Amino acid sequence: MPEDELRVPMCRAEPMDARTKRENEYGTALDDTGLYQVSTMDAQMADRKPIIDAPPYYIVTLTYINYLILIILGHIHDFFGMRFQKRRHRDIVEFDGYAPWYSKFESFYVRRLKTRIDECFSRPTTGVPGRFITCVDRVSHNYNEWYSYPGTTTTCLNLSSYNYLGFAESEGACTSAALETVNKYGVNAGGPRSQIGTTELQVRTERMVADFVGKEDALVVSMGYSTNANFFNAFLDSRCLVISDELNHTSIRTGVRLSGAAVRTFKHGDMDLLEKLIREQIVLGQPKTNRPWKKILICVEGLYSMEGTLANLPRLVELKKKYKCYLFVDEAHSIGAMGPTGRGVCEVFGVDPKDIDILMGTFTKSFGAAGGYIACDKWIIDRLRLDMTTPNYSEPTPPPVLAQICASLQTIIGEINPGEGTERLQRIAFNSRYLRLGLQRLGFIVYGNADSPVIPMLLYCPSKMPAFSKMMLQRKIAVVVVAYPATPLIESRVRFCMSSSLTKEDIDYLLRHVSEVGDKLFLKLNSGKSSYDNSVQRWDIEEVIRRTPEDCKDNKYFIN
C-alpha cells in the first residue's frame, strides 16, 4: 500500500457491503499500537503552568497588517457602495423610507471580513459522521454571496465531528437500541404511541447519568445549549454573583445574563487571580448596599473546546471549600471522552464528584445523541424540575435519543459488549496524544492538554484559513477552521476533533498531508519550546511516524 493512501478507499461509486460500511464508520485497528492506557493527573501536575509557544513577532505583525488592509478596503467599499450602489447595500442604508436592518459598524466584520472566507465554514454534509464523512460539493459565487450545488459529494477523512467515541453509527448496539425504542414508544415522546407524562425511559436515563457521573440525581433535557442557557435563571437571581472563566462557552454567558446575576471574569486558568477576585467580592459585597452576596458561583468548563485545556479542578475545589462558594463545571467535551472509564475531568484529577456542586454535560459529543443534563444533589434537581424553563416549556427528549444515551453509557461501563468501551477510550487517548505530539514535532504551534480530543493548531493570518481548509479538502480530509469571535482576532486556528473511530494509519495519512500543507503555507512556526522539552529540533515526517507512537506512553509529554 502506498504511504499516502488510506486502507479504505475514500470514494466509492458502487454500493458498499456491510463490512466496508462498518470500516467507513469505525476503523478496525491492525494491531495494539493504537491502544493506550488512559492516564490521570495529580494536583501537582494540575497546578503546573503550561509552556505556551508564541509565533515570531513578524508573524503577529503581518497578521495585524492583514486585518488592517482588509478593514481599510472594506470601509472604502462601503463608502462608495452606499452612495452609488444603494440597492446592493439596502441592509445598511435607509431604503424606500425604511430604516436599515443593521448598523454599518456592528455588521462590518461579518460583511467585509468573515463573508470573504465563508466558503471554509459550515460545509453541508450527509450521512454518518464516523471515520469518514460525506461532504456535499458546492461552488461559490460572488465572493461567497451564494452557492450552487452540482449534485456530487466527496468522502473525506473526518477530523471535524464531535463523535469522540464513535457511537454515531448506522449499525451496532446503540442503533439497535434506538430502533427497538421506536417500535415501543414511537419517534416523539408526545406522539400517540408514547406513554402519557414522563416515560420510564426518561427516568432510567436520568438514573444512569447520575450514577455514571457520581451524583445523587440528574435532570435530562432535550437541548444542550438551553441546558446552560436556562439553568442559571433557575438557580440565581440579582443578589447572586457569578465568577466566570473568560473563555467560558456562549451558552454559559447567555444563561448568566438571563439570570440577572452580577458577573466577574478571571483570566483563563489563573487560580491566583481567581482567589484574589473571590476575596475582593466577599469584602465588597453587593453594589450600593454592600450586603453579602446571596450566592457566589464559580463557573468553569472541564475541557475548553477552543483551547483544548483542562480546568484546574483540584485547586478549584480547594478554593470552593475555603471560601464557601458553589462550583459549576461544564463537562460538555470531557464527559465520556476523558478518564480511564470516561467519567470526565473528575476522574482525570481524582476529584470526588460530591465536591462539585453542579455538573453539567451534553450528549451530543461522546454519546452520539442530543440534549444535555444537570447532575447535582437531589434537592437542587427537585427544585429545577419546578423552576427550570427548558424541561417545562420545550419538547421532551425523543425516546430513540434516550435509548442511544443509555446504550452508549452501558457500552462505556461494560454492560453491553464488555471491553468495547475500554477499547474506545484507549483508542481516543492514543489518537489524541499521537496527533498532538506529532504536530508539535513537525513544527506547528499546538495548544491544549495531551489527552484532550480537541487539538487546536494555530494558523494566524486570515488568508490561511480558507487556504488550509481548501487544501485539506483537496486531499480528502475534512477539518474545522475557527476564527474571531470564537477565538482572539489574531489567533485563528484549525481545530482537529479526534475520534476513536480513526486508526493509527489514518493519523499517519493526516500527518503527512498536514506537514505538506504546512510547508506550503509557512505554518511551522513553533520555537521548539513546549511542555515536553526545550529542544529546537524539528523532526522529519518519517521520524515522527516511526518514533512518536511509542513516546505517547511516556507521561513526560503531558501538556497542561
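Note: the structure precedes this text.
It should be emphasised that the depicted structure is a prediction, and the values quoted were computed from it without experimental measurement.

Caption draft 1: Geometry of the overall build of the protein chain. In terms of helices and strands, the protein chain carries 18 helices and 16 strands. The buried share among the 560 residues of the protein chain stands at 55%. Long-range contacts, defined as pairs at least 24 residues apart, comprise 72% of the intrachain contacts of the protein chain with a sequence gap of at least 6. Of the roughly 25,400 Å² that the protein chain leaves accessible, carbon and sulfur atoms contribute 54%.

Caption draft 2: View of the nonpolar core. Formed by 111 residues in total, the largest nonpolar core has its most connected members in Leu159, Leu435, Leu439, Met457, Phe468 and Phe496. The biggest single contributor to this core is helix 15 (residues 420–442), with 8 residues. For leucine 159, the contacting residues outside a window of four places in its chain are Leu435, Ile477, Ala478, Val479, Arg495, Phe496, Cys497, Met498, Leu502 and Leu510. Within the second largest apolar cluster, 22 residues are counted, among which are Val221, Cys240, Val256 and Phe328.

Caption draft 3: Structural context of the sheet that holds strand 8 (residues 262–266). One open sheet holds the 7 strands; their spatial order is 6-12-11-10-9-7-8, and the pairing between them is mixed. The sheet is open, and its two edges are formed by strand 6 (217–221) and strand 8, each paired on a single side. Put simply, the sheet's adjacent strands are angled 20° from each other on average, direction ignored. Alignment of strand 7 (residues 241–245) against strand 8, held across 5 bridges, turns out to be parallel.

Caption draft 4: Main features of the pairing of strand 2 (residues 132–136). Bridging between strand 1 (residues 125–126) and strand 2 involves 2 bridges; their strand directions are antiparallel. If you follow threonine 125 over to strand 2, its bridge partner there is cysteine 135. The hairpin formed by strand 1 and strand 2 contains 5 residues between the paired strands, and glycine 127 there has a positive phi angle of roughly 85°. Sheet topology note: the strand 2/strand 5 (residues 153–158) ladder contains 5 bridges and is antiparallel. Pairing of cysteine 135 across the sheet is with threonine 154, part of strand 5.

Caption draft 5: Focus on the environment of valine 128. With respect to the element layout, valine 128 can be found in the loop between strand 1 and strand 2. Sequence separation between valine 128 and glutamate 25 is 103 residues; the distance between their C-alpha atoms is 7.1 Å. Once residues within four sequence positions are removed from consideration, valine 128 is found in contact with Glu25, Ile133, Ala168, Glu169 and Ser170.

Caption draft 6: Structural context of the packing of helix 15 against helix 17 (residues 504–521). Across the interface, helix 15 lies against helix 17 with an axial gap of 11 Å and an inter-helix angle of 20°. Considered as vectors, helix 15 and helix 17 are oriented roughly parallel to each other. In the packing of helix 15 onto helix 17, the handedness of the crossing is right-handed. Counted together, Phe430, Asn431, Tyr434, Leu435, Gly438, Leu439 and Leu442 of helix 15 and Lys504, Ile507, Asp508, Leu510, Leu511, Val514 and Ser515 of helix 17 form the full contact between these two elements. Its residues assigned to classes, the contact of helix 15 with helix 17 comprises 9 nonpolar, 3 polar and 2 charged.

Caption draft 7: Representation of the sheet that holds strand 14 (residues 477–478) in the model. Read across the sheet, 4 strands follow the order 1-2-5-14 without closing on themselves; strand pairing throughout is mixed. The sheet is open, and its two edges are formed by strand 1 and strand 14, each paired on a single side.

Caption draft 8: Focus on the pattern of salt bridges. Evaluated as defined, the whole model comprises 32 salt bridges. Across the pair glutamate 420 and arginine 424 runs a salt bridge, and its minimum N-O distance is 2.6 Å. Taken as a pair, glutamate 420 and arginine 424 lie in helix 15 at a separation of 4 residues, close to a single helical turn. Looking at glutamate 420, the relative accessible area reads 23%, which means it is partly exposed. Close ionic contact of glutamate 543 with arginine 547 constitutes a salt bridge, the shortest N to O distance being 2.7 Å.

Caption draft 9: Representation of the packing of aromatic side chains within the structure. One pass over the structure, following the stated rule, counts 12 aromatic pairs. Taking 5.2 Å as the distance between ring centres and 75° as the angle between the ring planes, the aromatic pair formed by phenylalanine 231 and phenylalanine 232 counts as edge-to-face. The residues phenylalanine 231 and phenylalanine 232 share a single accessibility class, namely buried. For the ring pair phenylalanine 235 and tyrosine 326, a centre distance of 5.5 Å and an interplane angle of 90° mean the geometry is edge-to-face. With phenylalanine 235 in helix 7 (residues 224–235) and tyrosine 326 in strand 10 (residues 326–330), this pair connects stretches of sequence that are 91 residues apart. Tyrosine 326 sits in the partly exposed class, given a relative accessible area of 25%. Grouping aromatic residues by their ring pairs yields a cluster made of Phe231, Phe232, Phe235, Tyr326 and Phe328. One Lys or Arg, arginine 138, reaches over the ring of tyrosine 147 and ends 4.2 Å from the middle of that ring.

Caption draft 10: Region of interest: the environment of tyrosine 225. Here tyrosine 225 lies in helix 7. By relative accessible area, tyrosine 225 is classed as partly exposed at 34%. Residues tyrosine 225 and serine 251, spaced 26 residues apart in sequence, show a C-alpha to C-alpha distance of 5.6 Å. In this structure, tyrosine 225 is in contact with His249, Thr250, Ser251 and Thr254, ignoring residues within four places of it in sequence.

Caption draft 11: Local environment of a nonpolar patch on the surface. Side chains of Tyr58, Leu62, Ile65, Leu68, Ile69, Ile72, Leu73, Ile76, Phe79, Phe80, Phe84 and Phe522 sit close together on the surface and give an oily, nonpolar patch of about 1,200 Å² of accessible area. Residue classification places leucine 68 among the partly exposed positions, given a relative accessible area of 49%.

Caption draft 12: Geometry of helix 5 (residues 173–185). Over its 13 residues, helix 5 extends 18 Å from the first C-alpha to the last, a length consistent with the 18 Å expected when each residue adds 1.5 Å. Those residues of helix 5 that sit buried are Cys174, Thr175, Ala177, Ala178, Thr181 and Tyr185. Seen end-on, helix 5 carries its buried residues on one side only, within an arc spanning 160°. Along helix 5, exposed side chains directed more than 90 degrees from the buried face belong to Leu179, Glu180 and Asn183. In this structure, the buried residues of helix 5 make contact with helix 6 (200–213) and helix 14 (399–413).

Here is what the cut-offs are and how they apply
Residues numbered from 1 in each chain as written. Predicted model: local features only at pLDDT ≥ 70, side-chain atom pairs only at ≥ 80, totals over all residues. Heavy atoms only, no water. Helix = DSSP H or I, 4+ residues; strand = E, 2+ residues; numbered from the N terminus. Buried < 20%, exposed > 50% of the residue type's maximum accessible area, 1.4 Å probe, protein only. Contact = heavy atoms within 4.5 Å. Areas by Shrake-Rupley, 256 points an atom, 1.4 Å probe, with all protein chains shown as cover. Core = buried A, V, L, I, M, F, W, Y, C linked by side-chain atoms within 4.5 Å. Pairing = 2+ DSSP bridges. Axes fitted to C-alpha atoms, helices over the stretch in contact; angles between N-to-C directions. Parallel < 35°, antiparallel > 145°, perpendicular 65-115°, else oblique. Left-handed = near helix turned anticlockwise from the far one by under 90°. Nonpolar A, V, L, I, M, F, W, Y, C, P; charged D, E, K, R; others polar. Salt bridge = Lys/Arg side-chain N within 4 Å of Asp/Glu carboxyl O. Phe/Tyr/Trp six-rings, centres within 6.5 Å; stacked < 30°, edge-to-face > 60°. Lys NZ or Arg CZ within 6 Å of the ring centre and 35° of its normal. Patch = residues over 30% accessible without salt bridge, like charges linked within 9 Å, V, L, I, M, F, W, Y side chains within 5 Å. Expected span 1.5 Å × (residues − 1). Arc of directions from axis to C-beta.

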